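Residue-level structure breakdown
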Amino acid sequence: MPSPVASLAHHPVEEVSIGGGDTATPLNLAKRVALLEETFGLHGRRVLDAGCGAGEYVEAFVSRGADAIGYEFENAKVLAYRQSHPRSDCVRQGELTAVPLPDGTFDLVILNEVLEHTPDQSGTLAEMRRLLRPGGHLVIFAPNRLFPFETHGVILRRTGRQLSPWIPGIPYLPMAWGRRWFRYWARNYWPGELRELIRAAGFRIAGESWVWQTFENISGRQPRWVARMSGVLRRAAAVAEACPGLRRLGTSQVVWAAKPLPAPP
């Protein structure tokens, strides 16, 4: 049986879309930043938001005392940040496999719903490791394949029709079957699969958590009944997120991993 890393390596590159939606809706942003603050503390930390979108998280980190910058592939998002923050150079355009900064620049590197969109995920992880100081941490928010919905949605190969992300069970299909019927434009990871990928890049797994939905229509395709029930669903998700068993079914998994310290002489 092939390893999870091997199966990921054979994900068709042409079907992975570099661009993705942003998670910077108010409740979702606040939840994720609070998790980072609680786990690491942000004040005084040198932070890289890799794949930072229009820089909302960068600004949130700066407001909490971090020395934070972001790199983003999509130039339109970088321009949107500069229009909103004309005096700031905190968000820069560039490739995540070749960030023009010295080794060991950062204490904390964050890939927030980004890794699943990178054509070269191993190269991206290697570059994040280079940019971290020894003992620094990489934090990855990524899709959780235990969640019963494919939040990025899929396209039917036969008709080209995009299916609703609210159709249950698609993440549970073996990829060999799913690729026959669907075109995926983002990866979706089993928890063990993601951890193995991170270890293979030379990191030591230090912790994990899960994030549930905030029902703020991040995808832009939220059904009307979900919008009407968003308050109730949000409260139910908060309960599930605090429950040791149910929390593992959250929309996103969070893994943080340390760059090992050099071996003593």
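Residues numbered from 1 in each chain as written. Predicted model: local features only at pLDDT ≥ 70, side-chain atom pairs only at ≥ 80, totals over all residues. Heavy atoms only, no water.

Glancing now at the overall build of the protein. Within the protein one finds 9 helices and 9 strands. A compact globule built from 265 residues would reach a C-alpha radius of gyration of about 18 Å, and the protein, at 18 Å, matches this within 12%. Taking the principal axes of its C-alpha atoms as reference, the protein extends roughly 55 × 45 × 40 Å. Taken over 265 residues, the protein has a buried fraction of 47%. In the protein, the share of contacts with a sequence separation of at least 24, taken over all contacts with a separation of at least 6, comes to 72%. Accessible area of the protein: about 12,700 Å², with a carbon and sulfur share of 58%. Within the protein, one finds 31 positive and 25 negative side-chain charges whose respective centroids are separated by 6 Å. (Helix = DSSP H or I, 4+ residues; strand = E, 2+ residues; numbered from the N terminus. Rg over C-alpha atoms; globule rule 2.2 N^0.38 Å. Buried < 20%, exposed > 50% of the residue type's maximum accessible area, 1.4 Å probe, protein only. Contact = heavy atoms within 4.5 Å. Areas by Shrake-Rupley, 256 points an atom, 1.4 Å probe, with all protein chains shown as cover. Lys, Arg positive; Asp, Glu negative; His and termini not counted. Charge placed at Lys NZ, Arg CZ, Asp CG, Glu CD.)

This part takes up the nonpolar core. With 27 residues, the main nonpolar core has Leu48, Leu111, Met128, Leu138 and Ile140 as its most contacted residues. Mapped onto this core, the elements with two or more residues apiece are β1 (46-50), β2 (67-72), β4 (106-112), α5 (121-131), β5 (132-143), α7 (191-200) and β9 (252-258). Per element, the largest residue contribution to this core is 4 residues, and it comes from β5. What Ile140 contacts, discounting residues up to four positions off in sequence, is Leu111, Leu115, Leu125, Leu194, Ile198, Gln253, Val254 and Val255. Counting 24 residues, the second-largest nonpolar core is a separate cluster that includes Leu36, Val211, Val254 and Trp256. (Core = buried A, V, L, I, M, F, W, Y, C linked by side-chain atoms within 4.5 Å.)

On to the sheet that holds β1. Strand order in the open sheet formed by 7 strands is β3-β2-β1-β4-β5-β9-β8, and the pairing between neighbours is mixed. Every interior strand has two partners, whereas the edge strands, β3 (91-93) and β8 (204-211), have only one. Strand-to-strand twist in this sheet, taken as the mean axis angle between neighbours without regard to direction, amounts to 20°. Strand contacts of helix α4 (residues 75-84): β2 and β3, with the helix running at about 150° to β3, the strand carrying the most contacts. (Pairing = 2+ DSSP bridges. Axes fitted to C-alpha atoms, helices over the stretch in contact; angles between N-to-C directions.)

Our next topic: the packing of helix α2 (residues 26-40) against helix α3 (residues 56-63). Two elements in contact, α2 and α3, have axes separated by 11 Å at closest approach and are oriented at 50°. With respect to α3, the axis of α2 lies oblique. When you trace α2 past α3, the crossing you get is right-handed. Along the contact surface, α2 presents Asn28, Leu29, Arg32, Val33 and Leu36, while α3 presents Glu56, Tyr57, Ala60 and Phe61. (Parallel < 35°, antiparallel > 145°, perpendicular 65-115°, else oblique. Left-handed = near helix turned anticlockwise from the far one by under 90°.)

Of all residues in the protein, 93% have pLDDT values of 70 or greater, and the mean over the chain is 91. The low-confidence segment residues 1-14, where pLDDT is below 50, has 19 contacts with residues more than four positions distant or belonging to other chains. (pLDDT = per-residue confidence, 0-100.)

Mapped onto the secondary structure, Thr251 falls in the loop between α9 (230-242) and β9. Since its relative accessible area comes to 13%, Thr251 is described here as buried.

Among the surface-exposed residues, Tyr172, Trp190, Leu246 and Leu249 lie close enough to one another that they form a single nonpolar patch of about 350 Å² accessible area. Along the chain, Leu246 falls in the loop between α9 and β9. For Leu246, a relative accessible area of 41% corresponds to the partly exposed category. (Patch = residues over 30% accessible without salt bridge, like charges linked within 9 Å, V, L, I, M, F, W, Y side chains within 5 Å. Salt bridge = Lys/Arg side-chain N within 4 Å of Asp/Glu carboxyl O.)

Where burial is concerned, most of β5 is hidden: 10 out of the 12 residues are buried. In terms of strand pairing, β4 meets β5 through 6 bridges, oriented parallel. Bridge assignment links Leu111 to a residue of β5, and that residue is Ile140. Traced from β4 through α5 to β5, the parallel crossover comes out right-handed. (Right-handed = clockwise from strand over helix to strand, strands pointing away.)

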